[in-house]
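# A look at the structure
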Amino acid sequence: MMNNIENDTLPLDDNSFAKLPDHLLVEIFIRIPVTEWAQICCVKRQWANLFRGECLWRAALDKTYPSASHAKRWPGPIPRGLSQRRFAALYVSRHIFSLDGEIDEIVGHAYLYLKEQLERSTVPPPSGILHGTIIDQFIACGKSRDMAHELASQIWLAVLDNLEENEHTFLILRRLAQEGDVFLPYPYSRSIKVQWRVFEKLLTDFRDCFTHVDYYDVLACAKSKFQPIPSAWLGH
């Protein structure tokens, strides 16, 4: 049916569907796979407005993640947000992270926070501030220092792997690679795995974006942190 719908019109057979009240449409839409929601929003203005409202997202949250309605608000610097934000965070927790089968909403919120800071900011805050915010959030929610550091590292790696391959991402990665070394006590220091992934993406996926001079500047930074470095990082 969806493929036959264009603009704001429906085939005659679908007139009754088009006239359904909003609360019934919500009950239908939340039973359709999430991957099709973007397409549904393009069918009718009325349907797009439903996806902008709180009602649909609250219903989707209750149906898909029923235990979320019992979750208490948490302390810390990363807010929980409304139902759409919470749904996105839980979706991320379930589909990107595997934490012994447990869906941890905080992990999804921390992922969304870091990804948005890197993608939407012309000049994002220093990585130490971003990392420290995530660590503070986990500790405020009762995680141990070791668990906070491990979760923050997993979030950094997942975000780095899911950034779009464009000029903005290249500039962000180059900035992260060339940040000066600032001593931060554990667990506020970024893990070696995260630093490695930054250079790995820069010197493999984005190698063609470098000027000759910038490439050797970043390569020198990599050599100062890691020895030996992979042969795949060499050559421009």
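Our subject is the structure listed above.
Below or above, wherever it landed, is the structure these notes cover. Remember, predicted model here, so these are calculated numbers, not experimental data.

### A word on the packing of aromatic side chains
Tallied over the full model, the rule gives 17 aromatic pairs. Ring geometry for Phe 51 versus Trp 57: centroids 6.3 Å apart, planes at 75 degrees, classification edge-to-face. A single burial state applies to Phe 51 and to Trp 57, both of which are buried. Ring geometry for Phe 170 against Phe 210: centres 5.1 Å apart, planes inclined by 85 degrees, an arrangement best described as edge-to-face. Taken as a pair, Phe 170 in helix H10 (residues 167-178) and Phe 210 in the loop between helix H11 (192-205) and helix H12 (212-225) lie far apart in primary sequence, 40 residues in all. Classification of Phe 170 as buried rests on a relative accessible area of 5%. Taken together through their ring pairs, the aromatic side chains of Phe 29, Trp 37, Trp 47, Phe 51, Trp 57, Tyr 65 and Phe 87 make up a single cluster. The ring of Trp 74 carries the charged tip of Arg 80 above its face, separated from the ring centre by 5.9 Å. When the ring centre of Trp 156 is taken as origin, the NZ or CZ atom of Arg 190, which lies over that ring, is 5.5 Å away.

### Some remarks on the nonpolar core
Phe 138, Ile 155, Leu 202 and Leu 203 are the most contacted members of the largest nonpolar core, which totals 46 residues. Residue assignment for this core shows that the elements contributing at least two residues are helix H6 (83-95), helix H7 (105-120), helix H8 (127-140), helix H9 (145-162), H10, H11 and H12. Broken down by element, this core gets its largest block of residues, nine residues, from H9. Among the nonpolar cores identified, the runner-up in size contains 21 residues, and Leu 25, Trp 37, Ala 60 and Leu 90 belong to it.

### Considerations on the pattern of salt bridges
Applying the stated rule across the entire model yields 12 salt bridges. When the shortest N-O distance is used, the salt bridge between Asp 214 and Arg 174 registers 3.0 Å. Here Asp 214 is found in helix H12, whereas its partner Arg 174 is found in helix H10, with 40 residues between them in sequence. Classification of Asp 214 by relative accessible area gives partly exposed; the value is 24%.

What counts as what
- Residues numbered from 1 in each chain as written.
- Predicted model: local features only at pLDDT ≥ 70, side-chain atom pairs only at ≥ 80, totals over all residues.
- Heavy atoms only, no water.
- Phe/Tyr/Trp six-rings, centres within 6.5 Å; stacked < 30°, edge-to-face > 60°.
- Buried < 20%, exposed > 50% of the residue type's maximum accessible area, 1.4 Å probe, protein only.
- Helix = DSSP H or I, 4+ residues; strand = E, 2+ residues; numbered from the N terminus.
- Lys NZ or Arg CZ within 6 Å of the ring centre and 35° of its normal.
- Core = buried A, V, L, I, M, F, W, Y, C linked by side-chain atoms within 4.5 Å.
- Salt bridge = Lys/Arg side-chain N within 4 Å of Asp/Glu carboxyl O.

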